[in-house]
Amino acid sequence: MAALLQLAGVNVQFAGLQALSNVDLSARGGEIKALIGPNGAGKTTLFNAISGYVPIAAGSISLNGSAIHGLAPHAIAARGVRRTFQNGGLFPELTGLENVLAGLHARIDASFAGILFGTRASRAAERDAVARARRLLDGLGVSHLADVQVNTMSGGQQRTIEIVRAVAAEPPLLLLDEPAVGLAPPVRAQLVELIRRLAGETGIAVLLIEHAIDLVMAAADVIAVFNGGAKIAEGPPAAIRTDPAVLEAYLGHA
Ligand SMILES: Nc1ncnc2c1ncn2[C@@H]1O[C@H](COP(=O)(O)OP(=O)(O)OP(=O)(O)O)[C@@H](O)[C@H]1O
Ligand SMILES: [Mg+2]
């Protein structure tokens, strides 16, 4: 099966800084690929390049075989690339449920006018959306946050809502930037389970940036390691754990 996402020879430059050098990377439906590497390695920049927030200086990025580099972020999102941000991005005045519904509406966009005009079919669609949003919240053990306003939640609770919102629309490609930061251990375990279930059951492709190595080992099918803007290794968790270049990057010795 052809890759859903394909990066080839991608370079990103910021005034005098080569943030990504000649990066090749792919993502397949149903696969969870973790991106790891020290601070400043270029992981978030890679997400920014894929989702159109920073331009690439060389190379190509394609989704389902068509180039997406050069498109605006909203156009890339419309093709089914969803992401979470390292520093949040929720509607603070809305409740957990309302935020998740905002993510779902991205999917039922076509019927949005119907929702506004209150046709019977659209009311049914809205009821379905609410039920689905509640099921998603329940699945991550946060149904108690459905009616809580986001700006009164803890950081960990906001994190969880952000993830639920991003996955609500079952995007073909999901980019998660350090989703486990601030989560309590039981919620982290539920998060791993949720990500694995999403990839396994809905067949979406997940790229997961994460520093917590236990979580990466538990969640990822494949791990790609970055250092200084370059991909230095890629393979299954067991192989990455003992890769000399990876040990060198993390521990300073091989
Ligand atoms: N918009 C920008 N303008 C200038 N430099 C940037 C910009 N975004 C990132 N950088 C620089 O690019 C390099 C890679 O940053 P990036 O945020 O991609 O790293 P990261 O791997 O996500 O690190 P962390 O694990 O700390 O989140 C860093 O040196 C960073 O300072
Ligand atoms: Mg980052």
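S.K.: Explain the overall build of the chain here, please?
M.R.: For the chain, the count of helices and strands is 10 helices and 10 strands. In terms of overall size, the chain behaves like a compact globule, its C-alpha atoms giving a radius of gyration of 19 Å where 254 residues would be expected to give roughly 18 Å. The buried share of the chain, reckoned over its 254 residues, is 39%. Across the chain, the fraction of contacts at a sequence separation of at least 24, relative to all contacts at a separation of at least 6, is 66%.

S.K.: Looking at this model, I keep getting lost on the packing of helix H3 (residues 96–105) against helix H6 (residues 155–168). Mind explaining?
M.R.: A pair of packed helices can be characterised by two numbers: the angle between their axes and the separation between those axes. Where H3 meets H6, the axes come as close as 7 Å, and the angle between the chain directions of the two elements is 25 degrees. Judged on the interaxial angle alone, H6 and H3 are roughly parallel. Seen along the crossing, H3 lies across H6 with a hand that is right-handed. Residues Gly 96, Asn 99, Val 100, Ala 102, Gly 103 and Leu 104 of H3 touch H6, and the partners they reach there are Ile 161, Val 164, Arg 165, Ala 166 and Ala 168. For the contact of H3 with H6, the per-class residue count stands at seven nonpolar, three polar and one charged.

S.K.: Mind showing me how you'd approach the domain arrangement of the chain here?
M.R.: A common way to report how large an interface is uses the accessible area buried once the components associate. Taken domain by domain, the chain holds domain 1 (1–80 + 171–254) and domain 2 (90–169). Relative placement of domain 1 and domain 2: their C-alpha centres are 26 Å apart. With 13 residues of domain 1 at the contact, the number on the domain 2 side is 11 residues. Of all the secondary-structure elements, those providing two or more residues to the side of domain 1 that touches domain 2 are strand S7 (173–177) and helix H7 (185–202). Examining the composition of the side of domain 1 that touches domain 2, we find that five residues originate from one element, H7, more than from any other. A breakdown of the residues in the side of domain 1 that touches domain 2 according to their chemical character gives 11 nonpolar, two polar and no charged.

S.K.: Would you take a moment to explain H7 for this structure?
M.R.: It helps to recall that an α-helix has 3.6 residues per turn; residues three or four apart then point in one direction. Relative to the 26 Å expected for 18 residues at 1.5 Å per residue, H7 spans 25 Å between its end C-alpha atoms, a close match to the ideal helical length. Buried within H7 are the following residues: Arg 188, Leu 191, Val 192, Leu 194, Ile 195, Leu 198 and Ala 199. All buried residues of H7 fall inside an arc of 160 degrees around its axis, so they share one side. Facing away from the buried side of H7, by more than 90 degrees, are the exposed residues Pro 186, Arg 197, Gly 200 and Glu 201. On its buried face, H7 sits against strand S3 (32–36), helix H5 (120–139), H6, strand S8 (205–209) and helix H8 (213–219). Looking one or two residues past H7, Gly 203 carries a phi angle of roughly 75 degrees, positive in sign.

S.K.: I keep staring at the site of ligand 1 and nothing clicks. Help me out?
M.R.: Of all residues adjacent to ligand 1, which total 12 residues, the nearest are Phe 14, Asn 39, Lys 43, Thr 44 and Thr 45. Ranked by residue count, the leading element in the shell around ligand 1 is helix H1 (residues 43–50), at three residues. Grouping the amino acids of the shell around ligand 1 by side-chain chemistry returns four nonpolar, seven polar and one charged.

S.K.: What is the right way to look at the pairing of strand S4 (residues 58–63) in this model?
M.R.: On a regular strand, each side chain points to the face opposite its neighbour's, so the side chains alternate between the two faces of the sheet. Pairing analysis gives five bridges linking strand S1 (residues 5–14) to S4, with the strands arranged antiparallel. In the strand pairing of S4, Leu 5 is matched with Leu 63. Relative to strand S5 (residues 66–67), S4 runs antiparallel, the two sharing two bridges. Looking at the pairing, Ser 62 lines up with Ala 67 of S5.

S.K.: Whenever I open this one, the nonpolar core confuses me. Can you help?
M.R.: Nonpolar side chains in soluble globular proteins generally cluster together in the buried interior. Counting 73 residues, the largest nonpolar core has Val 100, Leu 173, Ile 195, Val 206 and Leu 208 as its most contacted members. Every residue in contact with Ile 195, bar those within four places of it in the chain, is listed here: Ile 32, Val 206, Leu 208 and Ala 219.

Rules used throughout
Residues numbered from 1 in each chain as written. Chains lettered and ligands numbered in written order. Predicted model: local features only at pLDDT ≥ 70, side-chain atom pairs only at ≥ 80, totals over all residues. Helix = DSSP H or I, 4+ residues; strand = E, 2+ residues; numbered from the N terminus. Rg over C-alpha atoms; globule rule 2.2 N^0.38 Å. Buried ≥ 20, exposed ≤ 12 C-beta atoms within 10 Å, placed from the backbone. Contact = placed C-beta atoms within 7 Å. Axes fitted to C-alpha atoms, helices over the stretch in contact; angles between N-to-C directions. Parallel < 35°, antiparallel > 145°, perpendicular 65-115°, else oblique. Left-handed = near helix turned anticlockwise from the far one by under 90°. Nonpolar A, V, L, I, M, F, W, Y, C, P; charged D, E, K, R; others polar. Domains from an automatic or database assignment. Expected span 1.5 Å × (residues − 1). Arc of directions from axis to C-beta. Near = placed C-beta within 6 Å. Pairing = 2+ DSSP bridges. Core = buried A, V, L, I, M, F, W, Y, C linked by C-beta atoms within 7 Å.

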